[in-house]
Structures are given as C-alpha cells and as structure tokens.
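Here is how the chains run, residue by residue.
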Amino acid sequence: MSSPSPFSAWLAEDPEVAGLLEDELLRQRTTLQLIASENFTSPAVLAATGSVLTNKYAEGYPGRRYYGGNQVVDEIEDLARQRLCELFGAEHANVQPHSGANANVGVYQALLEPGDTILAMRLDQGGHLTHGSPASITSKIWHFVSYGLTPASDDPSVPGEMIDLDQVRDLALEHRPKLIVAGATAYARTIDAADYRGIADEVGALLMFDLAHPAGLVAGGAHPSPVGIADVVTFTTHKTLRGPRGGAILSTEELAKKIDGAIFPGLQGGPLEHAIAAKAVAFKEAMDPSFSVYAHQVVANAAALATALEAEGFRLVSGGTDNHLVLLDLRSFDAELTGKEAQEVMDRAGITANRNTIPDDPRSPFVTSGLRLGTAAETTAGMGETQMVQIAGLLSRALRERGDEDAIAAVRAEVAALCAAFDPYPTLAGEG
Ligand code: DSN
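Attention in this report is confined to the structure presented alongside it. (Residues numbered from 1 in each chain as written. Predicted model: local features only at pLDDT ≥ 70, side-chain atom pairs only at ≥ 80, totals over all residues. Heavy atoms only, no water.)

In this section: the sheet that holds strand E12 (residues 325-329). Backbone-to-backbone hydrogen bonds join strands into a sheet, with any given pair of strands oriented parallel or antiparallel. Spatial strand order, E11-E12-E15-E14: four strands in an open sheet with antiparallel pairing. Single-partner strands in this sheet number two, and they are strand E11 (315-316) and strand E14 (354-356). When E12 meets strand E15 (residues 370-374), the two strands line up antiparallel, connected through five bridges. Bridge pairing in E15 places Leu-328 opposite Leu-371. The sheet strands contacting helix H13 (residues 339-348) are E14 and E15, and the helix crosses E15 at an angle near 45°. (Pairing = 2+ DSSP bridges. Helix = DSSP H or I, 4+ residues; strand = E, 2+ residues; numbered from the N terminus. Contact = heavy atoms within 4.5 Å. Axes fitted to C-alpha atoms, helices over the stretch in contact; angles between N-to-C directions.)

Right, here's the structure in full:
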C-alpha cells in the first residue's frame, strides 16, 4: 500500500533526495537488518537528529563556548551528559565524539604520548581498526602490541576461541603497556572488565574498555558493566544502545579534564549538537524499564539464532554467543562459500549482514570465511525467538540454493512477508 512519504513533504524542493530517502526507508522496512552494529532508532531520535540544532556552532563545552547564542545548546549538552552519567553510574561523560573511532583516538591522545605502548585486540581476532590495525592512523602514532583468542577446540568441554587472558597478562608483563584496551567488534562472548583490571594494576597500566557493541546490553543489565572498573569507557551510541550515529566517553572525574581537552580542541572542532540532542533522547529511552526487557530479548534472540544456524551446519566461532552477535564460520556449511559471496547472495534474498574474518581466516579480509550477524535491529522491530528460527532457515536456504534465482526470489518474498509483520516504523508514512 502506498501513502504520502514524510520525506516528500519535508523535501518538496528536492524530489531526488526525497525519493532516495523513501527508497532507504522501504529497504529497511522490507528486508532483514542483521548487521550487528545497526539498529532502528525511535522516531523521537530521528526528530532530534533532524532538528535546527544542526545550524549551531558550539565549539567548547557547556558554560565555556567560543561562540554566542549557546544558552539552549548548553542545556541540551548538559542534559545529555547528566542522563548518560545516570544511565551508566559514571562520574563524567563526554558526548561530543562524532564516532566511536574518534572516542578511542581521543582517549589515546588524552592519556598517552606518541610512541607509548598500547595492548589491544587484533583486528583479525575480533578487535577494531582503532585497536592498532596497520591500516589505522592509531598504529602510526602509538606502538601497539596485540592479543587474540585461544585456539579453536574440537573438545566441547574446552571452549575455544575465547579471549586469551593468559596471553594478555604475558604480553602486559613483557611490554609494560601504558594502556590496555578491552573490547571488540566481532566477539560473541561476554567481556568482563574485571578480568583485565588485575592485569592492568599488575603492570601499572590504565584500562580502557571499548564498549561500542554491547553498550545497550550494559544499559539494559544484560551484560556486565565496565563502568567503575575500567578507567575510561568508550562507545558508539547507534548500535545496541539504539541512539543516533555517534560516540561517547565515560571516565572518572580525575581524567575528565584530559579527556574533554583531547576531544575538543585536540581532535574535533564544533560538536554535532543535533546528534547530542538525539543522544539525550536515546539515553532517556534506555533508562525506561522496557529497555531492559529489550536488551535481554536481544540476547535471547541471538542465542536462538545461533542454535538454529548451528543445526543448519554452520560452525559458531567461540562456540556460541552471550551477547547480540553471532559469528559464523561458513566452511562447515559449504567449503566453497566465501563471506563475500554469502553477503552478496543474502543481499539478493533481502537479508542484510556483513562478511567478517574469522580467527586465523585463510581468506583475505575482503573475501573472508565468515559472516557476522546481530539481533539488535530486528528485536527493536518486535521479533522474538520464533522469528530467529525462521530467519536461520531462510538464510540457509538462500545460501544452499544460491545458484537458483527462482529459489532466491522465493526466499526474498518470504523475507518480505516476515518484515511486513514487524515494521520498525509503523508511525512513519510512506510505502508500507
Ligand atoms: N564498523 C563497526 C562495526 O560494524 O562493528 C565498528 O566500528
């Protein structure tokens, strides 16, 4: 059914862009969103993101701006900071980072000198680019030493591909890093800051926790919190936390001045106050008891998806999941199938996910042998464990029958029918 698009009303002068926004809304509504780092924000978050605050320059911090006219902006940013501290029980919050990468680089800049040693997780074991990948500027400024996972295990009683804390400790003792980074972007198990705190203390290092992926799970009480254990916690606001695209940093009061100065003027210029208003909206939403129900459902859905996919023949990296994320080794399902091809086939079938390297992947990062899936977005749309089992079946069928375009079209039609019952934006007009 078609009804007037909200975008054509807002963008009457620009039907080209309005049409493209309409197309993207339709895509998000009619296909499955399984990228582990994505979510569907509320209409309130969308409204704040699209507000007049985008017009305002506000270099500086509340009460100390380099531009006039910031009375309202100061109230907005203070509200965001207060809500964020309340949400996580933190002493200090900086809500200005434009992204998680900027939050991480800001912390390194605040706490370290160029050339200092950082111990962090390797990209191909599940770490982030800013954890010292050779492709990232972080590795050109600071000296990174990398830890990874324990080897894969065939013995079900010995869990394999878990963060190798013995290696973390050995490397810490050998290299005496000034900063240890916990956290990952492609790791399906719980990461407990307490496991790192003792190691950091033993070698006199500071501890940063990159909470980008599970931030919403922590806010909802479905994952242990690193706040109060790590010295600094960074995260993005748009993944499981379900806010606008952006970053944030939590720290002790003692480190607050250094962190704030490193973000502005150290790394960024004018803050994106429209995004900061939207962050404030998302933080309030995450304080509502319903968000805890959501966070626990995200985890239950990931477990259901993982179990159903394992039954279809996929090997689960790390043997399962404790969070919102499932990392699949495709080789047990089909030795010929690469992550790249799987992603492309799934796109044709209306299932959006991303290929991912798996530990010790024999294929290149562009091709890969793995697939990363997440349940944060479709849980927001209202899906539960029953739908996760359906999704596992649809995904497996599409990949198994990938040479048959009629079969792919049939999966796509079933995906569309499933999505029609779980519209993430029922209150937005447009093609529904
Ligand atoms: N690109 C993000 C992710 O997908 O996990 C990390 O920054």
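What follows covers the site of the ligand. In the vicinity of the ligand, the contacting residues are Ser-37, His-128, Thr-185, His-213, Lys-239 and Arg-372. At a separation of 2.9 Å, an oxygen atom of the ligand approaches a polar side-chain atom of His-128. His-213 is positioned with one of its side-chain polar atoms (N or O) 2.7 Å from an oxygen atom of the ligand. Residue composition of the shell around the ligand, by class: no nonpolar, four polar and two charged. (Near = heavy atom within 4 Å. Polar contact = N/O pair within 3.5 Å; in protein donor to acceptor, adjacent residues only side chain to side chain. Nonpolar A, V, L, I, M, F, W, Y, C, P; charged D, E, K, R; others polar.)

Considering all chains together, one arrives at nine aromatic pairs under this definition. Judged by centre distance (5.9 Å) and plane angle (65°), the ring pair of Tyr-108 and Phe-144 falls under edge-to-face. Of this pair, Tyr-108 sits in helix H5 (residues 100-111) while Phe-144 sits in strand E6 (residues 143-147), placing them 36 residues apart in sequence. Look at Phe-314 and Phe-333: their rings are 4.1 Å apart centre to centre, the planes differ by 5°, and that puts the pair in the stacked class. Of the two residues, Phe-314 sits in the loop between helix H12 (289-311) and E11 while Phe-333 sits in the loop between E12 and H13, which places them 19 residues apart along the sequence. You'll find Phe-314 and Phe-333 in the same group, each marked buried. Within the aromatic cluster, the residues linked to one another by ring pairs are Tyr-108, Trp-142 and Phe-144. Lying over the aromatic face of Tyr-294, Arg-242 brings its terminal NZ or CZ to 4.2 Å of the ring centre. Geometry around Phe-366 places Arg-355 over its ring, the cationic atom sitting 4.7 Å from the centre. (Phe/Tyr/Trp six-rings, centres within 6.5 Å; stacked < 30°, edge-to-face > 60°. Buried < 20%, exposed > 50% of the residue type's maximum accessible area, 1.4 Å probe, protein only. Lys NZ or Arg CZ within 6 Å of the ring centre and 35° of its normal.)

Let us now look at the nonpolar core. Among the nonpolar cores identified, the biggest contains 53 residues, and Leu-84, Phe-88, Ile-180 and Phe-235 are the most heavily contacted of them. Beyond its immediate stretch of four places on either side in the chain, Leu-84 contacts Ala-93, Val-95, Phe-235, Ala-248, Leu-250 and Phe-283. Formed by 45 residues, the second largest nonpolar core is a distinct cluster that contains Phe-7, Met-346, Ile-391 and Leu-418. (Core = buried A, V, L, I, M, F, W, Y, C linked by side-chain atoms within 4.5 Å.)

Along the chain, the position of Ser-292 falls in helix H12. When its relative accessible area of 27% is taken as the criterion, Ser-292 is described as partly exposed. With 157 residues separating them in the primary sequence, Ser-292 and Ala-135 have C-alpha atoms 37 Å apart.

In this section: the sheet that holds strand E4 (residues 92-94). Spatially, the seven strands line up as an open sheet ordered E4-E10-E9-E8-E7-E5-E6, and their pairing is mixed. With partners counted over all chains shown, the strands left at the sheet margins are E4 and E6, one partner each. Sheet twist, expressed as the average angle between the axes of neighbouring strands with direction ignored, equals 20°. As judged from the four bridges shared by strand E7 (residues 179-182) and strand E8 (residues 206-210), these two strands associate in the parallel manner. Following the sheet pairing, Ala-182 is matched in E8 by Phe-209. Each of E4, strand E9 (232-236) and strand E10 (247-251) is contacted by helix H4 (residues 71-88), which is oriented at about 125° to E4, the strand it contacts most.

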